[in-house]
Amino acid sequence: MQTIRGFRDILPEQIRLWQKVENLAVELFNAYGYQEIRIPILEKTGLFARSIGETTDIVEKEMYTFDDRNGDKLTLRPEATASICRAYIQHKLYATEPVRKFYMTGPMFRRERPQKGRYRQFYQIDAEVFGVDSAYVDCELIFLLHQLFKRLGLTGLTAQINSLGCPECRPKFTRALLDFLEERKQDLCEICTRRMTRNPLRVLDCKIQTCQAALIGAPATVDHLCPACEDHFNIVKTTLEKQGVDFSVNNSLVRGLDYYTRTAWEIQTTSLGAQSAVAGGGRYDGLVKQLGGPDTPAIGFAIGFDRLVEIMEQLTPMPADPGADLFIVALGDAAMETAYHLSCDLNQAGIKTDTDFRGKSLKALMKRADKLNARYVLIAGQTELNDNALILRNMKTKEQVSISMDRLVPEIEAVLKHK
Ligand code: AMP
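If you're wondering where the values come from, they're calculated on a predicted model, not measured in any experiment.

A. Quick look at the overall build of the protein. Tallying secondary structure elements over the protein gives 16 helices and 16 strands in all. What you see for the protein is a C-alpha radius of gyration of 28 Å, clearly larger than the 22 Å of a compact globule of 419 residues, by over 25%. Residue burial in the protein is summarised as follows: out of 419 residues, 51% are buried. Taken as a whole, the protein presents about 20,900 Å² of accessible surface, with 50% of it coming from carbon and sulfur. Taken together, the 54 basic and 54 acidic charged side chains of the protein have centroids lying 3 Å from each other.

Written out as structure tokens, the structure reads:
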């Protein structure tokens, strides 16, 4: 049996980088006042169709959707924002606190073509802020991401930013864009001609070269912003500049989802040579209301956890396994019984203790202690049991002391905690 295409196991040998990233992210989230939220992996399909947008790639062709036994249409979550909005509305989280900041980590599911760095089950670290429309929140999120990546050792970090406007200025922009596209329709790919009628902003995002060439000189959202959106975007730019975040305004950055308004961004790194996006985010001031909640400004980002770890695998060595504090070498059945109880007691006391019940020789067990990188070895052979005292050996200094069986746990605790 094998994993299905685009799905994979993350093995203990690989996990320490994942933990390093997650620990640092959580540390930063806590410092910034974000609270963890956990949301279901499965939701009603309508939630994603209504929020992400019926004409987006995700909803049109990438969702894992199936009929439940009672006929409900369900979907494995392709992203977190829609579910967090649903939770925010369902539990009236706005009623207790006007401003809420959440983070979550977990798997997302999209039926994309699998390739290096792209999976059908992939992981995201996600943050969302509800209740503030100030541009400083946009900056806080971009700055937080920048700091996280910097601390993880990524280099060549830039934020590509854009403003997508709001319901007031967007229609005017869309009209200007459509006029432009209409004249170049024959040069656009088939998907883009379809997008023109259904979701014209997404044409700007097309990666096909002929479309890119046809789009040279296309109107930019930033030139069509209403005064409020313009002020908002100016604050984002001046603040990021003051904070030393390297950014550039990218007129074709529209992000693939329908719900974005105003600031949208991607964080790129050149750590591995070519530019690659490790996180993306944006404001979605209309989404909570659209999903049936109160009119609430909101904004969030998602970090591509898989890609981030793949970059870090190239940049930094895997953090070392901290190893065991103590390995008990138990020779013979009576010693094994003693070793079993002792290791349980020491584990309870918070001392990382390991032993081996396979009845191996002294030589084999010492080898195993080395492999486990144990700091100390406790030797329990027949002679030691007869003497009612076991030998504790410091694996680095090779010093040995004899410890009475009656005082094993406190004495070992004292030695190990002292060092
Ligand atoms: P998005 O939710 O599409 O804005 O994506 C946010 C981040 O998730 C991106 O920067 C990617 O690094 C990552 N991501 C999106 N789709 C996949 C995928 N299929 N496999 C791995 N990472 C992904």
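B. Looking closely at the UniProt feature "binding site: L-histidine" (unreviewed entry) in the protein. Here the UniProt-annotated "binding site: L-histidine" (unreviewed entry) positions come out as Glu79, Ala80, Thr81, Arg110, Gln124, Glu128, Arg255, Tyr259 and Tyr260. Tracing the backbone shows Thr81 in helix α4 (residues 81–90). Taking relative accessible area as the criterion, Thr81 reaches 6% and is therefore assigned buried. The contact partners of Thr81, leaving out residues within four places of it in the chain, are Asp126, Glu128, Tyr259, Tyr284 and Leu287. If you trace the backbone, Arg110 turns up in the loop between β5 (100–109) and β6 (121–130). Accessibility expressed as a relative area gives 14% for Arg110, which makes it buried. Other than its neighbours up to four places away in sequence, Arg110 contacts Ile58, Glu62, Tyr64, Pro78, Glu79, Tyr119, Arg120, Phe122 and Gln124.

C. Geometry of helix α10 (residues 227–242). Its 16 residues place the ends of α10 22 Å apart at the C-alpha level, agreeing with the 22 Å of an ideal helix rising 1.5 Å per residue. Against α6 (135–151), β7 (158–163), β8 (247–249), β9 (261–269) and β10 (276–283) lie the buried residues of α10. One or two steps after α10, the chain reaches Gly244, where phi turns positive at roughly 75 degrees.

D. Here's a closer look at the sheet that holds strand β4 (residues 73–76). Pairing is antiparallel in the open sheet, where three strands are placed in the order β2-β4-β3. Strands with a single pairing partner mark the edges of an open sheet, and in this sheet they are β2 (42–44) and β3 (65–67). Ignoring strand direction, the axes of neighbouring strands in this sheet form an average angle of 35 degrees. In the sheet, β3 pairs with β4 via three bridges, with the strands oriented antiparallel. Bridging across to β4, Phe66 finds its partner in Leu74.

E. The arrangement of the site of the ligand in detail. Close to the ligand lie 13 residues, the nearest being Arg110, Glu112, Gly117, Tyr119 and Arg255. Contacts to the ligand include Arg118, whose side-chain N or O atom sits 3.2 Å from a nitrogen atom. In the environment of the ligand, an oxygen atom lies 3.1 Å from a nitrogen or oxygen atom belonging to the side chain of Gln124. If the ligand stood free it would expose 490 Å²; the protein chains cover 91% of that surface. At the level of secondary structure, the elements contributing two or more residues to the shell around the ligand comprise β6, β10 and β11 (298–304). Here the shell around the ligand takes three residues from β10, the largest share from any one element.

F. Highlighting the UniProt feature "domain: Aminoacyl-transfer RNA synthetases class-II family profile" (unreviewed entry) in the protein. Feature annotation in UniProt places "domain: Aminoacyl-transfer RNA synthetases class-II family profile" (unreviewed entry) on residues 1–322, given in this structure's numbering. Structurally, residues 1–322 comprises 39% helix and 20% strand, and the distance from its first C-alpha atom to its last is 33 Å.

G. Structural view of the nonpolar core. One finds Phe149 and Ile267 to be the most contacted residues of the largest nonpolar core, which totals 51 residues. A total of ten residues in this core trace back to one element, the largest contributor, which is α6. If sequence neighbours within four positions are ignored, Ile267 has contacts with Ile142, Leu145, Phe149, Leu157, Thr158, Ala159, Ser276, Ala277, Val278 and Ala279. Ile52, Phe102, Phe173 and Met196 belong to the second largest nonpolar core, which has 50 residues in total.

What counts and what doesn't
- Residues numbered from 1 in each chain as written.
- Predicted model: local features only at pLDDT ≥ 70, side-chain atom pairs only at ≥ 80, totals over all residues.
- Heavy atoms only, no water.
- Helix = DSSP H or I, 4+ residues; strand = E, 2+ residues; numbered from the N terminus.
- Rg over C-alpha atoms; globule rule 2.2 N^0.38 Å.
- Buried < 20%, exposed > 50% of the residue type's maximum accessible area, 1.4 Å probe, protein only.
- Areas by Shrake-Rupley, 256 points an atom, 1.4 Å probe, with all protein chains shown as cover.
- Lys, Arg positive; Asp, Glu negative; His and termini not counted.
- Charge placed at Lys NZ, Arg CZ, Asp CG, Glu CD.
- UniProt positions renumbered as here; feature names shortened; annotations may be inferred.
- Contact = heavy atoms within 4.5 Å.
- Expected span 1.5 Å × (residues − 1).
- Pairing = 2+ DSSP bridges.
- Axes fitted to C-alpha atoms, helices over the stretch in contact; angles between N-to-C directions.
- Near = heavy atom within 4 Å.
- Polar contact = N/O pair within 3.5 Å; in protein donor to acceptor, adjacent residues only side chain to side chain.
- Core = buried A, V, L, I, M, F, W, Y, C linked by side-chain atoms within 4.5 Å.

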